[in-house]
Amino acid sequence: QVQLVESGGGLVQVGGSLRLSCVASGRTSMGWFRQAPGKEREFVAAINRGAWNTNYADSVKGRFTISRDNAKNTVYLQMNSLKPEDTAVYYCAGGSWGTNVEDYGYWGQGTQVTVSS
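Rules used throughout
- Residues numbered from 1 in each chain as written.
- Predicted model: local features only at pLDDT ≥ 70, side-chain atom pairs only at ≥ 80, totals over all residues.
- Heavy atoms only, no water.
- Helix = DSSP H or I, 4+ residues; strand = E, 2+ residues; numbered from the N terminus.
- Buried < 20%, exposed > 50% of the residue type's maximum accessible area, 1.4 Å probe, protein only.
- Contact = heavy atoms within 4.5 Å.
- Areas by Shrake-Rupley, 256 points an atom, 1.4 Å probe, with all protein chains shown as cover.
- Polar contact = N/O pair within 3.5 Å; in protein donor to acceptor, adjacent residues only side chain to side chain.

Student: Describe the overall build of the protein, listing the residues and the values that go with them.
Tutor: A count of helices and strands for the protein gives zero helices and 11 strands. The C-alpha extent of the protein, read off along each of the three principal axes, is 40 × 30 × 25 Å. Counting all 117 residues of the protein, 44% fall into the buried class. Put simply, 55% of the contacts in the protein that link residues at least 6 apart link residues at least 24 apart. With the model as given, the accessible surface of the protein reaches about 5,900 Å², and the carbon-plus-sulfur share is 45%.

In structure tokens:
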């Protein structure tokens, strides 16, 4: 059983930055997903256990960076140049390498990110 605890969400203006953190109790491939009101949960970014492979949704490429510090069991999502459409609850997930919700068996509680225009 892997427990995940996210932090770092908040309110930011368009063009601003936020960094999300996720502390994990175990070491797995990790992903970030987000879910906006009335929409399905969607893939944002993923990083493998060794931190040598990453993957991003097209909508965030060049703006978001996923990284991990295995010594601290922590995964980060650096979000720059934020847009109103980035507003969502962001979830940290642990599991197999992939871009689908079904690839991950462990989920955090979610953290709200709101981008105001």
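That was the structure; now back to the text.
Student: Let's hear about the environment of N48: which residues, and what values?
Tutor: Relative to the assigned elements, N48 resides in the loop between β5 (42-47) and β6 (54-56). Separated by 47 residues in sequence, N48 and Q1 place their C-alpha atoms 18 Å apart.

Student: Before we move on, could you go through the side chain of D86 and cite the residues and values that matter?
Tutor: Tracing the backbone through its elements, the reader meets D86 in the loop between β8 (74-79) and β9 (88-95). Using a relative accessible area of 0% as the deciding quantity, one classes D86 as buried. A polar contact of 2.9 Å, which involves the side chain of D86, links it to the side chain of R34. Residues in contact with D86, not counting those within four places in the same chain, are R34, R63, F64, S81, V113 and V115.

Student: Break down the environment of R68 for me, with residues and values.
Tutor: Mapped onto the secondary structure, R68 falls in strand β7 (residues 64-69). In this structure R68 comes out as buried when scored by relative accessible area, which is 14%. In contact with R68, other than residues within four places in its own chain, are R27, T28, S29, M30, I47, N48, R49, A51, T74 and V75. Within the structure, the side chain of R68 is placed 2.9 Å from the backbone oxygen of T28, a separation counted as a polar contact. A polar atom in the side chain of R68 sits 2.9 Å from the backbone oxygen of N48.

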